[in-house]
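Inside the fold
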Amino acid sequence: MSSQPISEETVKKIATLARLDLTPDEVHAAAGELGKILAYVDRLSSVKTGGIEPFHAGARPLVALREDRSDYFKDREVLLPKPYFEDDLLVTKGVFTKENQ
Amino acid sequence: MNPTAASISELAKGLRSKQYSAVELIKQSLDAAKQDSLNVFITVNDAALEAARRADKRISSGDPDPLIGIPFAVKDVLMTRGLRTTAASRMLADFIPSYTATAVERLTDRGMVILGKTNCDEFAMGSSNENSAFGPVKNPHDESRVPGGSSGGSAVAVAAGYAPVSLGTDTGGSVRLPAALCGVVGFRPTYGRISRYGLIAMASSLDQVGIFSRNAEDCALLLEAMAGFDRRDATSSREAVPRYRDDIRQPVRPLTIGIPKEYVDDEVGVGADLVRRARERYEQMPNVKLVDVSLPHSAYGLATYYICVSSEISANLARYDGLRYGYREEGAATLEELYRTNRTNGLGSEPKRRILLGTYALSAGYFDKYYAQASKVRRLILQDFEKAFQRVDVLLSPTSPTPAFKLGERMTDPLLMYLSDLYTVGASLAGLPAVSYPAGMVSNLPVGLQLTGPAWSEARLLQAIEYLQPIS
């Protein structure tokens with residue numbers, strides 16, 4: 001099974017999109033592994049799918065919609081633990097920095 | 001009688017005849033869990049004794065429910081209020097849920113007692129249970145081998161006798177595969193049969209709660225208790241829930257078993273050989289007829305599965321950024337850096353690999369080639385099954401290409417690891433029920449066979465595995 005090339009540059013780009021930092025070794029390894037997996041997956045391109053509707057989920061017959069009313073969650077404080085929250089406020093870093101302002 | 005090797009109905013009898021109490025039963029399971037050398041549990045339930053005391057009161061008051069006081073183990077991707085739920089990930093190593101998964105709650109409401117949360121592959125991603133931040137689980141039949149994954153801990157909890165039943169989750173085979181490799185029953189219901197509320201999502205169009213047991217009847221009891229519509233899961237079905245246990249006790253109806261030629265012809269290995277031998281055995285049985293069928297697109301199942309699953313993973317796992325819960329490292333200068341640091345250090349290598357693959361498959365230049373094409377092939381795979389079920393009641397196939405392999409053997413080759421799921425991904429993609437049942441031993445290791453049925457054929461599948469005997 002020949003490996004479909006996926007460049008290390010591409011791996012770096014998708015890692016950025018996925019918000020993951022990869023070391024140079026990890027980038028190298030991922031390029032090899034993903035290349036091998038994609039080479040295997042390539043068999044899909046030989047299947048004739050003209051006129052075939054995609055099938056996205058096993059839900060049958062239809063998604064069951066519930067009544068449109070809100071659920072009241074009784075112990076709200078459980079959802080607001082430290083160090084993630086201070087009182088009711090989410091603790092985070094500024095979105096804007098001096099450089100990007 | 002050793003309570004941990006008994007069936008649920010035997011235990012229910014023992015509890016009512018005062019041979020032992022629910023407290024004594026859970027103590028025995030807790031002791032076994034604490035001495036466990038197979039790394040089955042991530043967290044043992046400290047509140048189990050209290051729950052068992054409440055169960056004893058219900059039994060004393062005359063409540064006849066056979067599930068009261070029965071211990072069960074829960075895969076650590078199902079949320080349990082107040083009881084740590086990690087998904088076997090560093091990301092959620094200290095996570096205490098604020099609510100309980102519907103599937104679990106329906107069992108504890110019936111009086112069942114959670115023994116502990118079982119080890120699994122991280123976020124249920126894997127076929128060997130080696131991708132756990134808490135270390136691999138070992139196979140009780142040979143500790144140098146894997147139990148199969150991703151629900152390895154739950155399979156071993158039943159195989160090693162810690163509990164009569166346990167819950168796993170099955171996305172591409174994560175209940176059926178470890179069941180086969182550990183020698184127990186592993187059941188995946190029709191998509192929508194059991195609520196996914198409180199199941200930590202990996203791939204939402206494929207994830208289902210599944211059951212491990214030692215026999216069909218225990219599986220039927222649990223399925224009956226958990227199945228049914230849940231307003232908190234929009235994909236749960238309103239299909240009526242049959243009385244599965246009563247159904248499997250009915251006289252056996254004539255059963256037509258289809259053998260997909262793609263799974264057997266020209267295939268070498270233990271799995272295909274097992275099906276050939278099963279055919280010889282079953283052909284002698286009254287009420288059973290075997291016919292050849294074809295699933296022409298099965299050669300594309302695994303490729304379709306890994307594109308669909310990775311795409312959904314890349315979306316579902318985007319939520320793990322350490323902002324509101326989960327792994328968090330202080331010291332990041334910006335919000336973007338905070339996200340990246342938490343994800344990079346909180347997630348293990350298999351989730352990262354699948355996130356990268358999924359991000360790639362969904363990216364603008366490749367969407368049509370990979371995800372869109374895989375979703376169409378997925379319909380062709382469904383149509384193959386629908387066509388086959390016009391002629392047969394169930395399909396027989398191997399569960400796994402091989403018995404349990406050595407720890408570490410496939411860890412350096414992700415594609416080889418993915419091939420473990422060759423026979424199980426089809427039913428997952430089509431949303432169909434399937435069960436792996438023990439088929440005997442090969443070289444002192446358990447092997448399993450798989451039956452797949454049309455949607456909502458759970459009772460038929462369970463009756464069939466009760467009727468069909470081990471073949472080696």
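Since this is a predicted model, take the numbers as computed values, not measurements.

Now for the overall build of chain A. Per the secondary structure count, chain A includes two helices and two strands. Listing every helix and strand of chain A by position from the N terminus yields α-α-β-β. Of all intrachain contacts in chain A linking residues separated by at least 6 positions in sequence, the fraction that spans at least 24 positions is 42%. Put simply, chain A shows about 7,400 Å² of open surface, and 56% of that area lies on carbon and sulfur atoms.

To continue, consider the overall build of chain B. A tally of helices and strands in chain B yields 16 helices and 11 strands. For 472 residues, the compact-globule estimate of 2.2 N^0.38 gives 23 Å, and the C-alpha radius of gyration of chain B, at 21 Å, lies within 12% of that figure. The principal-axis extents of the C-alpha atoms in chain B amount to approximately 65 × 55 × 45 Å. Within chain B, the fraction of its 472 residues that count as buried is 67%. Counted over contacts in chain B with a minimum sequence separation of 6, partners at least 24 positions apart contribute 74%. Of the roughly 15,400 Å² of accessible surface on chain B, a fraction of 49% belongs to carbon and sulfur atoms. For chain B, the distance from the average site of its 53 positive side-chain charges to the average site of its 52 negative ones is 3 Å.

Now for the nonpolar core. Membership of the largest hydrophobic core comes to 169 residues, with the highest contact counts inside it found for B:F123, B:L222, B:Y282, B:L396 and B:L451. Counting residues in hydrophobic clusters, the runner-up holds seven residues, among them B:L177, B:L181, B:A404 and B:M417.

What follows concerns the side chain of B:D121. Residues and elements named next belong to chain B. On the secondary structure map, D121 appears in the loop between β3 (113-118) and α5 (152-159). One buried charge, D121, has no salt-bridge partner; the nearest side chain with opposite charge is R354, at 7.2 Å. In terms of polar contacts, D121 uses its side chain to reach the backbone amide nitrogen of N131, at 2.8 Å. Here D121 is in contact with A87, A88, G126, S127, S128, N129, E130, N131, G149 and S150, once residues within four sequence places are set aside.

Moving on to the sheet that holds strand β4 (residues 165-170) of chain B. Residue and element names in this part refer to chain B. Strand order across the open sheet formed by 11 strands is β1-β3-β2-β4-β6-β5-β10-β11-β9-β7-β8, with mixed pairing between neighbours. If you trace the sheet from one side to the other, it starts and ends with β1 (41-44) and β8 (288-293), each paired once. Ignoring which end each strand starts from, the neighbouring axes of this sheet average 30° apart. For strand β5 (residues 185-188) and strand β10 (residues 434-442), the ladder comprises three bridges, and the chain directions are antiparallel. Each bridged residue has a counterpart across the sheet, and for R188 the counterpart in β10 is A434.

The next thing to look at is the packing of helix α10 (residues 301-316) of chain B against helix α12 (residues 349-362) of chain B. Residue and element names in this part refer to chain B. It is the contact of α10 with α12, at a shortest axis distance of 7 Å, that shows an interaxial angle of 100°. Taken together, α10 and α12 sit at an angle that is classed as roughly perpendicular. Across from Y306, I307, V309, S310, S311, I313 and S314 in α10, the residues of α12 making contact are R354, I355, L357, G358, T359, A361 and L362. Across the contact of α10 with α12, the residue classes tally to eight nonpolar, five polar and one charged.

Moving on to helix α11 (residues 335-346) of chain B. When the terminal C-alpha atoms of α11(B) are compared, their 16 Å separation across 12 residues agrees well with the 16 Å that a helix rising 1.5 Å per residue should span. Restricting attention to buried positions, one finds in α11(B) the residues B:L335, B:L338, B:Y339, B:T341, B:N342, B:R343, B:T344 and B:G346.

What follows concerns the UniProt feature "domain: Amidase" (unreviewed entry) in chain B. As annotated by UniProt and renumbered to match this structure, "domain: Amidase" (unreviewed entry) occupies residues 24-462 of chain B. Along residues 24-462 of chain B one finds 36% helix and 15% strand; the C-alpha atoms at either end are 31 Å apart.

Contact with chain B, which involves 67 residues of that partner, is made by 59 residues of chain A. When chain B packs against chain A, close to 5,600 Å² is buried across both sides, 64% of that on carbon and sulfur atoms. Between B:K369 and A:D42 there is a salt bridge, and its shortest N-O distance comes to 3.1 Å. There are 21 residue pairs in polar contact (both at pLDDT 80 or more) connecting chain B and chain A. Listed by contribution, the elements that provide at least two residues to the side of chain B that touches chain A are α10, α11, α12, α13 (368-388), α14 (414-418) and α15 (425-430) of chain B. Sorting elements by how many residues they give to the side of chain B that touches chain A places α13(B) first, with 12 residues.

A few words on the packing of helix α7 (residues 216-226) of chain B against helix α16 (residues 458-467) of chain B. Residues and elements named next belong to chain B. Look at α7 against α16: their axes get within 9 Å of each other, and the N-to-C directions meet at 160°. As far as their axial angle goes, α16 and α7 are roughly antiparallel. Between α7 and α16 the crossing geometry is left-handed. On the side of α7, the interface is formed by A216, E217, C219, A220 and L223, while α16 contributes E458, L462, I465 and E466. For the contact of α7 with α16, the residue count by class is six nonpolar, no polar and three charged.

What counts, and at which threshold
- Residues numbered from 1 in each chain as written.
- Chains lettered and ligands numbered in written order.
- Predicted model: local features only at pLDDT ≥ 70, side-chain atom pairs only at ≥ 80, totals over all residues.
- Heavy atoms only, no water.
- Helix = DSSP H or I, 4+ residues; strand = E, 2+ residues; numbered from the N terminus.
- Contact = heavy atoms within 4.5 Å.
- Areas by Shrake-Rupley, 256 points an atom, 1.4 Å probe, with all protein chains shown as cover.
- Rg over C-alpha atoms; globule rule 2.2 N^0.38 Å.
- Buried < 20%, exposed > 50% of the residue type's maximum accessible area, 1.4 Å probe, protein only.
- Lys, Arg positive; Asp, Glu negative; His and termini not counted.
- Charge placed at Lys NZ, Arg CZ, Asp CG, Glu CD.
- Core = buried A, V, L, I, M, F, W, Y, C linked by side-chain atoms within 4.5 Å.
- Salt bridge = Lys/Arg side-chain N within 4 Å of Asp/Glu carboxyl O.
- Polar contact = N/O pair within 3.5 Å; in protein donor to acceptor, adjacent residues only side chain to side chain.
- Pairing = 2+ DSSP bridges.
- Axes fitted to C-alpha atoms, helices over the stretch in contact; angles between N-to-C directions.
- Parallel < 35°, antiparallel > 145°, perpendicular 65-115°, else oblique.
- Nonpolar A, V, L, I, M, F, W, Y, C, P; charged D, E, K, R; others polar.
- Expected span 1.5 Å × (residues − 1).
- UniProt positions renumbered as here; feature names shortened; annotations may be inferred.
- Buried area = accessible area lost by both parts, 1.4 Å probe.
- Left-handed = near helix turned anticlockwise from the far one by under 90°.

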